[in-house]
Amino acid sequence: MAKPKVAIIGPGCVGQTMGKLLRAKGFTISAVAGRSRKSAKHGLNFIGGNGKAALKPASAARGADIILLTTSDKAIKPVCEELAAAKAIKGGAVVIHCSGAHGPELLDAARERKAFVAALHPIQSFPSPDQAVKRMKGVYFTFDGDAEARPVTAKIVKALGGHLVKVSPTNRALYHGALCVLSNYLVSIADLGQQLLSLSGMGEDEAAKAAMPLVEGTIANLKSVGSPQALTGPIARGDGLTIENHMKALDALPGAMKKLYCELGLYTVDVGVRKGTLSPADARKIVRTLTRP
Ligand SMILES: NC(=O)c1ccc[n+]([C@@H]2O[C@H](COP(=O)([O-])OP(=O)(O)OC[C@H]3O[C@@H](n4cnc5c(N)ncnc54)[C@H](OP(=O)(O)O)[C@@H]3O)[C@@H](O)[C@H]2O)c1
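This structure is a prediction, so every number in the text was calculated from the model and none was measured. (Residues numbered from 1 in each chain as written. Predicted model: local features only at pLDDT ≥ 70, side-chain atom pairs only at ≥ 80, totals over all residues. Heavy atoms only, no water.)

**Q** Explain the packing of helix H12 (residues 255–275) against helix H13 (residues 280–291) to me, please; I cannot follow it from the model alone.
**A** With their axes 9 Å apart at the nearest point, H12 and H13 run at an angle of 170° to one another. Classed by the angle they form, the pair H12 and H13 counts as roughly antiparallel. Judged by residue contacts, Tyr261, Cys262, Gly265, Leu266, Val269 and Val273 of H12 engage Ala283, Ile286, Val287, Leu290 and Thr291 from H13. Across the contact of H12 with H13, the residue classes break down as 9 nonpolar, 2 polar and no charged. (Axes fitted to C-alpha atoms, helices over the stretch in contact; angles between N-to-C directions. Helix = DSSP H or I, 4+ residues; strand = E, 2+ residues; numbered from the N terminus. Parallel < 35°, antiparallel > 145°, perpendicular 65-115°, else oblique. Contact = heavy atoms within 4.5 Å. Nonpolar A, V, L, I, M, F, W, Y, C, P; charged D, E, K, R; others polar.)

**Q** Any chance you could explain the nonpolar core here in plain terms?
**A** One broad trend across soluble globular proteins is that nonpolar side chains are buried collectively. Leu22, Ile96, Ile156 and Leu160 are the most contacted members of the largest nonpolar core, which totals 31 residues. Top element by residues in this core is helix H7 (residues 150–159). It accounts for 4 residues. With 27 residues, the next largest nonpolar core counts Ala60, Ile89, Leu107 and Ala110 among its residues. (Core = buried A, V, L, I, M, F, W, Y, C linked by side-chain atoms within 4.5 Å. Buried < 20%, exposed > 50% of the residue type's maximum accessible area, 1.4 Å probe, protein only.)

**Q** Whenever I open this one, a nonpolar patch on the surface confuses me. Can you help?
**A** Taken together, the side chains of Leu186, Met212, Val215, Ile219 and Leu222 make up a nonpolar region of the molecular surface, amounting to roughly 370 Å² of accessible area. Here the nonpolar patch gets 4 residues from one element, more than from any other, and that element is helix H9 (residues 204–225). Mapping Ile219 onto the fold places it in helix H9. Judged by relative accessible area, which is 38%, Ile219 ranks as partly exposed. (Patch = residues over 30% accessible without salt bridge, like charges linked within 9 Å, V, L, I, M, F, W, Y side chains within 5 Å. Areas by Shrake-Rupley, 256 points an atom, 1.4 Å probe, with all protein chains shown as cover. Salt bridge = Lys/Arg side-chain N within 4 Å of Asp/Glu carboxyl O.)

Structure representation (structure tokens):
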């Protein structure tokens, strides 16, 4: 496939980001479709080039070598079935969705049209296309699908500056759960930390700003030495008295905050022991403090 024609169905954050970057690397974005011509035009505007803003997904997909189904997860299967029913998927085409929660089975209707299918999931958060285009380099993509689809997906990932790895179909839910912890729960932990800072007397804005150098510094440590070595603070040092004082201060706050502090503290005890700076005896004392009713 010299210059494959790519149709993008679902011109949201992921569709626009991948479309713009692939076009910059010489892929032809032949057509874009969303739920309305307006959204297709909007997406195409961001992607650039001379593609068509199609009224219907089937009209965008017809004749394409690669169909990127970057709709919301729940629309992937019905839209793929719609394309297959309209005979808009040509034999030998590669049909790809980008959901991390689902495997290539959502695209079975395309297989029946003799296309090859893949679930190609970028391990990155896409808050907006403007931000995401700057953050694609070095991203890991997981692949699951037909062997025949792999060379095309590898070409896409290479063009995006990423790395391609395989995900086991049987462990997909665990894989997606792990990403949920790394991205979504990280936001929740930052939110809890900022709320506690506010409750300690800082203004909300000030708390959010003060938190960022600490969060960035911790991420930089994770990047340079990884976990468990990046762990610092009272648990890593075995300073049980400080944890006792935290617990007393948290007593006055909503129970959910203390509960989460304790759960994360217990997990952190395990990280501290693995780091080698928290002795088993100090670990046991801290566990007693964190589990006291
Ligand atoms: N966002 C992330 O951080 C992220 C990260 C990795 C993977 N993903 C995956 O990437 C895929 C796309 O996510 P996203 O964040 O880009 O979603 P999004 O911003 O909500 O965009 C979804 C797009 O799908 C279109 N769409 C929805 N239903 C459709 C239908 N029936 N027919 C045609 N188009 C339809 C929407 O059209 P309109 O524009 O007309 O509304 C919209 O353009 C999902 O599978 C998601 O799980 C997302």
